[in-house]
Amino acid sequence: MSDHLSALHEAMDRLDAVWADAGDAAGLPRPRLVSTNAAIGLMRRQLDALQAEVAAEIAHESRPELGADSLAKQHGFRNTAQLIASTTGSSAGDAARLVKVGEAIAPRTNLVGEPVPAKYPAVRRAVCAGQMSTSAAGLIIALLDRSRLKVGADRIAEAEELLAAKAVGFSLDDVRKLLARAEAFLDPDGIEMREDERRSRRSATMFERDGMFHLNLVTTVEAGAPIKASVQGHVSAVFGARKGAIAPDGLDADQRTVPMLQADALTALCEHAVGCSTDRVPLNGATVVVRVNLDDLTDGSGYGTIDGVDEPISISAVRRMAASGAVIPCVLGGDSEILDWGREKRLFTPAQRLALGERDGGCAMCGLPPGMAKAHHIRWWMRDSGPTDLDNGVLLCDNCHHRIHDSGWEINIEGAGVSAQVWFVPPPFVDPLRTPRLGGRARYDIAA
């Protein structure tokens, strides 16, 4: 507990230093605004770490066998979660998850009163150091708990160390993406079982109300992949056309939002299907790429992934999708494909773009799916005489491409081919130390 308090006091001192007589946030210089936000985030994580340990102790003092002597019951609550929720203003579910985190990272004693390590020591170190939120820790702990009986203690300990290290600096959404890969890595045999259960819950409901047509579709990621690729391909084409469509008043001629564009895309695809004389709907510019290790595909073990989809799929699903003409299996770098063109070609070839997709997983900086990213030269083809090779290429969405050029970010490629790693070096005004940030598929891939 004293360690938690010391860390919390240090975080408060840091906040005091960056706030430094500022009356409010309005008017703060940008560097101080970012530093203040970072200090608040650190203090919040340190406070949550302390509260998780307190919550675990409250749960211990409120265990059912104490009966009327339960701490929660003495204070008029049915259980620990209700007591904590009433004081934090959170839900009972959030309070219960906080208790679970506290119990998993708190120091323990054995039956004879001797101290033993926390259940998850690596997660404890990250939480206590303010590197990970208790919400992220809760997701990791839940995955490790449900996988423990299937894979054994040694594999769980290895996964815990890896996840605790990779999740540092991740948002909660990023952690969920990481854990989707981690669960497949820990328990590839369980993917097909989960798919069968999810497939039984697929549904599509349609109805009209208040002059609007309502469509609610719930389906597996395997079945949803071509839908997502088709809709995103249409939306990307509209955004590309917008660049040259400026109204007389200087505004974009097309004022539709992304949800509107997605609705219009689905309508356009269905209109095409109704009037099409062929038995398949062509997906111009829309590609579904399924990636799988050749050995896994051969022996039926492991798992595969779909570009732009977080959830891995079973080998059975990969084989089903491979039978579809709308799917491209990831087989790159064969004798018939040239992945490095040097200065002979300015534009990246389709094979090179697929290889960049294998390495970067989409926009290497922000993670948007491959269909919303383009291949760019790191060293410019014209200005820097940069070659059209994999180690001089990177997938970036338009926003990240402009951000990198406008703000002075640098990109470094370490390694060769599709197994290389992409690193982004921020400019000094973002990070005076210019600490490189890992990008691309390696950021989330548990096996990377």
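Residues numbered from 1 in each chain as written. Predicted model: local features only at pLDDT ≥ 70, side-chain atom pairs only at ≥ 80, totals over all residues. Heavy atoms only, no water.

Colleague: Is there a simple way to think about helix α15 (residues 350-360) in this case?
Modeller: Spacing of three or four residues puts side chains on the same side of an α-helix, whose turn is 3.6 residues. Among all positions in α15, only Ala351, Gln352, Ala355, Leu356, Gly357, Arg359 and Asp360 are buried. For α15, the elements touching its buried residues are β5 (288-292), β8 (374-377), β9 (393-396), β10 (410-414) and β11 (421-425). Gly361 sits one or two residues past α15 and shows a positive phi near 70 degrees. (Buried < 20%, exposed > 50% of the residue type's maximum accessible area, 1.4 Å probe, protein only. Helix = DSSP H or I, 4+ residues; strand = E, 2+ residues; numbered from the N terminus. Contact = heavy atoms within 4.5 Å.)

Colleague: Would you take a moment to explain the sheet that holds strand β12 (residues 437-439) for this structure?
Modeller: Strand-to-strand pairing in sheets goes through backbone hydrogen bonds, with the strands running parallel or antiparallel. The three strands are arranged β10-β11-β12 in an open sheet whose pairing can be described as antiparallel. For this open sheet the edge positions go to β10 and β12, each flanked by a neighbour on one side alone. With strand direction ignored, the average angle separating the axes of adjacent strands in the sheet is 35 degrees. In the sheet, β11 pairs with β12 via three bridges, with the strands oriented antiparallel. Paired with Trp423 across the two strands is Leu438, which belongs to β12. (Pairing = 2+ DSSP bridges. Axes fitted to C-alpha atoms, helices over the stretch in contact; angles between N-to-C directions.)

Colleague: Quick question: what am I supposed to make of the nonpolar core here?
Modeller: Counting 44 residues, the largest nonpolar core has Ile84, Val123, Met132, Ile140 and Leu163 as the members making the most contacts within it. Sequence-distant contacts of Ile84, defined by excluding residues within four places in its chain, comprise Ala55, Ile58, Ala95, Leu98 and Val99. Counting residues in each nonpolar core, the second largest holds 20 residues, with Leu356, Ala364, Ile404 and Trp409 among its members. (Core = buried A, V, L, I, M, F, W, Y, C linked by side-chain atoms within 4.5 Å.)

Colleague: What exactly am I supposed to notice about unusual backbone geometry here?
Modeller: One can expect most non-glycine residues to show negative phi and most peptide bonds to be in trans. A positive phi angle, close to 55 degrees, is found at Asp210, a residue other than glycine. If you trace the backbone, Asp210 turns up in the loop between β3 (203-209) and β4 (212-218). Positive phi outside glycine occurs at Arg434, with the angle close to 55 degrees. Mapping Arg434 onto the fold places it in the loop between β11 and β12. A residue is classified by how much of its surface remains accessible, and Arg434, at 26% relative accessible area, is partly exposed.

Colleague: Quick question: what am I supposed to make of the pairing of β9 here?
Modeller: Walk down a regular strand and you will see the side chains alternate between the two sheet faces. The two faces of β9 match: Gly393 and Leu395 on one face and Val394 and Leu396 on the other face are all buried. Bridge analysis of β8 against β9 gives four bridges, and the strand direction is antiparallel. Bridge pairing in β9 links Ala375 to Leu395.

Colleague: How should the packing of helix α7 (residues 134-151) against helix α9 (residues 172-186) be read in this particular structure?
Modeller: When two helices pack together, their arrangement is given by the angle between the helix axes and by the axis-to-axis distance. α9 packs onto α7 with a crossing angle of 10 degrees between their chain directions and a minimal axis gap of 10 Å. In terms of orientation, α7 lies roughly parallel with respect to α9. In contact with Ser135, Ala136, Leu139, Ile140, Leu143, Arg146, Ser147 and Val151 of α7, α9 contributes Leu172, Val175, Arg176, Leu179, Ala182, Glu183 and Leu186. Of the residues belonging to the contact of α7 with α9, the class tally is 10 nonpolar, two polar and three charged. (Parallel < 35°, antiparallel > 145°, perpendicular 65-115°, else oblique. Nonpolar A, V, L, I, M, F, W, Y, C, P; charged D, E, K, R; others polar.)

Colleague: How should I be thinking about the side chain of Thr36 in this particular structure?
Modeller: Inspection of the secondary structure assignment puts Thr36 in helix α2 (residues 30-60). A polar side-chain atom of Thr36 sits 2.7 Å from the main-chain carbonyl oxygen of Arg32. With residues near it in sequence (within four places) discarded, Thr36 still touches Leu15, Val18, Trp19 and Leu28. (Polar contact = N/O pair within 3.5 Å; in protein donor to acceptor, adjacent residues only side chain to side chain.)

Colleague: For this particular structure, what's the right way to read the packing of helix α4 (residues 80-88) against helix α5 (residues 92-105)?
Modeller: Packing of α4 against α5 brings their axes to within 8 Å, and their N-to-C directions diverge by 110 degrees. Viewed along their axes, α4 and α5 adopt a mutual orientation that is roughly perpendicular. Our pair here, α4 against α5, has a crossing hand that is right-handed. Within the contact between the two elements, α4 uses Thr80, Ala81, Ile84 and Ala85 and α5 uses Ala92, Ala95, Ala96, Leu98 and Val99. (Left-handed = near helix turned anticlockwise from the far one by under 90°.)

Colleague: Which parts of the structure should I look at to understand the side chain of Thr134?
Modeller: Within the secondary structure layout, Thr134 lies in helix α7. With residues near it in sequence (within four places) discarded, Thr134 still touches Asp48, Ala49, Ala52, Leu98, Val101 and Val127.

Colleague: What should I look at first to understand the packing of aromatic side chains in this one?
Modeller: Centre distance and the angle of the planes are the two values used to describe a pair of aromatic rings. For the structure on display, the rule yields one aromatic pair. On the basis of an interplanar angle of 50 degrees and a centroid distance of 5.5 Å, the ring pair of Phe170 and Tyr444 is categorised as tilted. Of the two residues, Phe170 sits in the loop between α8 (153-166) and α9 while Tyr444 sits in the segment after β12, which places them 274 residues apart along the sequence. Accessibility expressed as a relative area gives 7% for Tyr444, which makes it buried. Looking at Arg155, its charged tip hangs above the ring of Phe185, at a distance of 5.0 Å from the centre. Taking NZ or CZ as reference, Lys177 lies 4.2 Å from the ring centre of Tyr444, over its face. (Phe/Tyr/Trp six-rings, centres within 6.5 Å; stacked < 30°, edge-to-face > 60°. Lys NZ or Arg CZ within 6 Å of the ring centre and 35° of its normal.)

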